[in-house]
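Report on the structure
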Amino acid sequence: MIIESKKASFSIESGLAQILSYMLGNPTTDKPTFGMIATGSEFIFIKLVKGGTPQYATSAIFSMRNPGNDLYDVLKIFKKLIEIAST
């Protein structure tokens, strides 16, 4: 799991290239690499599968400013990633 933190004034997208380069540097090729970009009030999760041609996917943007407060969803995702890492 790789976490990239950016200032709140930056867009979540501004950290995507940087975190993908870190994720591509992971020597493990048989399992997906997971990452998260956080600005303090917004979070996005990334999954990278290396294989022959590396492919990545991003989650929706989770925001603390949404009426429903996405913090609980972010914590659920962290819990699931911990389960994946433990197996």
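For every chain, the first residue of the written sequence is number 1, and numbering continues from 1 along that sequence. Residues qualify for local features only when their pLDDT is at least 70, as the model is predicted, and side-chain atom pairs are given and counted only at 80 or more; totals for whole chains, interfaces and linings, by contrast, use all residues. Each side-chain value is worked out from all heavy atoms of the structure, with water and hydrogens disregarded.

1. Concerning the overall build of the protein
Helix and strand counts for the protein stand at 2 helices and 5 strands. Two things to know: the radius of gyration comes from C-alpha atoms, and the globule rule equals 2.2 Å times the number of residues to the power 0.38. Taking 12 Å as the expected radius of gyration for a compact globule of 87 residues, we find that the protein reaches 13 Å, a close match to that expectation. Its C-alpha atoms give the protein principal-axis dimensions of roughly 40 × 30 × 15 Å. Residue exposure (1.4 Å probe, protein chains only): buried if accessible area is under 20% of the type maximum, exposed if over 50%, otherwise partly exposed. Residue burial in the protein is summarised as follows: out of 87 residues, 31% are buried. Here, residues are in contact when the closest pair of their heavy atoms is within 4.5 Å. Pairs at least 24 residues apart make up 39% of the contacts formed inside the protein by residues separated by at least 6 positions. To measure how exposed things are, a 1.4 Å probe is used in the Shrake-Rupley method; for residues, cover is taken only from the protein chains shown. For the protein, the accessible surface area stands at approximately 5700 Å², while carbon and sulfur atoms represent 58% of it. When charges are tallied, Lys and Arg are placed among the positive residues and Asp and Glu among the negative ones, while His and the ends of the chain are skipped. A charged residue contributes its charge at one atom only: NZ of Lys, CZ of Arg, CG of Asp or CD of Glu. Side chains of the protein carry 9 positive and 7 negative charges; the gap between the two charge centres is 4 Å. Think of it this way: any DSSP run of H or I at least four residues long counts as a helix, any run of E at least two long counts as a strand, and we number them from the N terminus.

2. Description of the environment of Gly25
Within the fold, Gly25 resides in the loop between α1 (16-24) and β2 (33-38). When the C-alpha positions of Gly25 and Ile2 are compared, they lie 11 Å apart, and in sequence the two are 23 residues distant.

3. Considering the pattern of salt bridges
Here, a salt bridge means any Lys or Arg side-chain nitrogen found within 4 Å of an Asp or Glu carboxyl oxygen. Across all of its chains, the model carries 1 salt bridge by this definition. One salt bridge connects Glu83 with Lys80, and the closest N-O pair in it is separated by 3.8 Å. Placement of both Glu83 and Lys80 in helix α2 (residues 71-86) is noted, with a separation of 3 residues, approximately one turn of the helix. When its relative accessible area of 40% is taken as the criterion, Glu83 is described as partly exposed.

4. Side note on the environment of Pro27
Within the element layout of this structure, Pro27 appears in the loop between α1 and β2. Between the alpha carbons of Pro27 and Thr39 there is a distance of 27 Å; along the sequence they are 12 residues apart.

5. Details of the layout of surface pockets
Grid points spaced at 1 Å over the protein atoms alone were grouped into cavities, where a 1.4 Å probe fits but cannot get out, and pockets, open sets with protein on both sides within 12 Å along at least five of seven lines, with lining residues defined by an atom within 4 Å of a point. Grid points are joined across faces, edges and corners, and a volume is the space filled by probe spheres set on the points. By volume, the largest pocket is sized at about 250 Å³. Lining the largest pocket, in full, are Met1, Asn26, Thr28, Lys31, Pro32, Thr33, Phe34, Leu81, Ile82, Ile84, Ala85 and Thr87. Breaking the lining of the largest pocket down by element, the ones donating at least two residues are β2 and α2. Only Asp, Glu, Lys and Arg are considered charged, only Ala, Val, Leu, Ile, Met, Phe, Trp, Tyr, Cys and Pro nonpolar, and every remaining residue, Gly among them, polar. By residue class, the composition of the lining of the largest pocket is 7 nonpolar, 4 polar and 1 charged.

6. Observations regarding a nonpolar patch on the surface
Within the patch definition used here, like charges are joined within 9 Å and nonpolar side chains (Val, Leu, Ile, Met, Phe, Trp, Tyr) within 5 Å, considering only residues with over 30% relative accessible area and no salt bridge. Judged by side-chain polarity, Leu71, Tyr72 and Leu75 come together as a nonpolar surface patch covering roughly 310 Å² of accessible area. In this structure, Leu75 sits in helix α2. Look at Leu75 and you get partly exposed, because its relative accessible area is 45%.

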